[in-house]
Amino acid sequence: MLFLFIFCFIFRFNDYSSGFSSKNRQNKVISILFSRNLLTPKSLKDEILKNQLVCPEASYAQIMLESGNLSSVLTKQINNLTGMRYPFKRTTTAIGIYLPEYGKIIRGNQKDLEKYSKLNNYAVYNNWQDCVKDLKQWQLATFKLHDLYLNFLADNYAEDQHYVAKIRSVEFNSTASNMKR
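I will try to describe carefully the structure that is included in this document.

Scoring rules and cut-offs
Residues numbered from 1 in each chain as written. Predicted model: local features only at pLDDT ≥ 70, side-chain atom pairs only at ≥ 80, totals over all residues. Heavy atoms only, no water. Pairing = 2+ DSSP bridges. Helix = DSSP H or I, 4+ residues; strand = E, 2+ residues; numbered from the N terminus. Axes fitted to C-alpha atoms, helices over the stretch in contact; angles between N-to-C directions. Buried < 20%, exposed > 50% of the residue type's maximum accessible area, 1.4 Å probe, protein only. Contact = heavy atoms within 4.5 Å. Patch = residues over 30% accessible without salt bridge, like charges linked within 9 Å, V, L, I, M, F, W, Y side chains within 5 Å. Areas by Shrake-Rupley, 256 points an atom, 1.4 Å probe, with all protein chains shown as cover. Salt bridge = Lys/Arg side-chain N within 4 Å of Asp/Glu carboxyl O.

1. Here's the deal with the sheet that holds strand β3 (residues 122-124)
Here is step 1: In space, the three strands of this open sheet follow the order β2-β1-β3, with antiparallel pairing throughout. With partners counted over all chains shown, the strands left at the sheet margins are β2 (104-107) and β3, one partner each. Strand-to-strand twist across the sheet, computed as the mean angle between neighbouring axes with direction ignored, equals 30°.

2. With respect to the side chain of Glu47
Here is step 1: Tracing the sequence through the fold places Glu47 in helix α3 (residues 41-50).
Here is step 2: A residue is classified by how much of its surface remains accessible, and Glu47, at 8% relative accessible area, is buried.
Here is step 3: Excluding residues within four positions of it along the chain, Glu47 makes contact with Trp128, Gln129, Val132 and Lys133.

3. Considerations on a nonpolar patch on the surface
Here is step 1: Taken together, Phe143, Leu145 and Leu148 make up a surface patch of nonpolar side chains, about 260 Å² in accessible area.
Here is step 2: Assignment of secondary structure puts Phe143 in the loop between α7 (128-142) and α8 (145-156).
Here is step 3: In this structure Phe143 comes out as partly exposed when scored by relative accessible area, which is 34%.

4. A closer look at the environment of Asn51
Here is step 1: By the element assignment, Asn51 lies in the loop between α3 and α4 (56-66).
Here is step 2: Judged by relative accessible area, which is 15%, Asn51 ranks as buried.
Here is step 3: Sequence-wise, Asn51 and Gln129 are 78 residues apart; in three dimensions their C-alpha atoms are separated by 9.5 Å.
Here is step 4: Residues within four places of Asn51 in sequence aside, it is in contact with Val132, Lys133 and Lys136.

5. Comments concerning unusual backbone geometry
Here is step 1: At Gln52, a position not held by glycine, the phi torsion is positive, near 55°.
Here is step 2: A positive phi angle is found at Asn69, which is not glycine, with a value near 55°.
Here is step 3: Locating Asn69 in the fold gives a position in the loop between α4 and α5 (73-78).
Here is step 4: Looking at Asn69, the relative accessible area reads 57%, which means it is exposed.

Here it is as structure tokens:
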């Protein structure tokens, strides 16, 4: 029993040999755990790459510009890095809407928030990562990379007027045969 008491008593005190108190060590561990969620230029770049945004360098520059180098009011208050409006028709990660004229945040889904669609608004996100995910969803919904490529081929590469139609036919046939396997 005496041994247990001495053991607990000795190991209860801080180990000052490393130059850190246990409280400082604890704070360092906590900051390391939470640093994964902190918005920094590096964490933003990592999130952009993780979500495979189109033109990642340009997307990064766009976010830095729109967010005032990650310090804008929208970034800090509603996790909106891009000034994205609330999307009433496409899939979104937004959890609500911010009405700047009223200084009001309203949480809800697209159906609930539809009545605010005519008002100046911004999308509200749970966290900045959700904003990056929503930017990816916006890119997928509006920036038809596949179609742009086919149009480029038709305008700059192909001599055959039916070249794009032929590609689409081969795409469909190869997709259908892969689906059967």
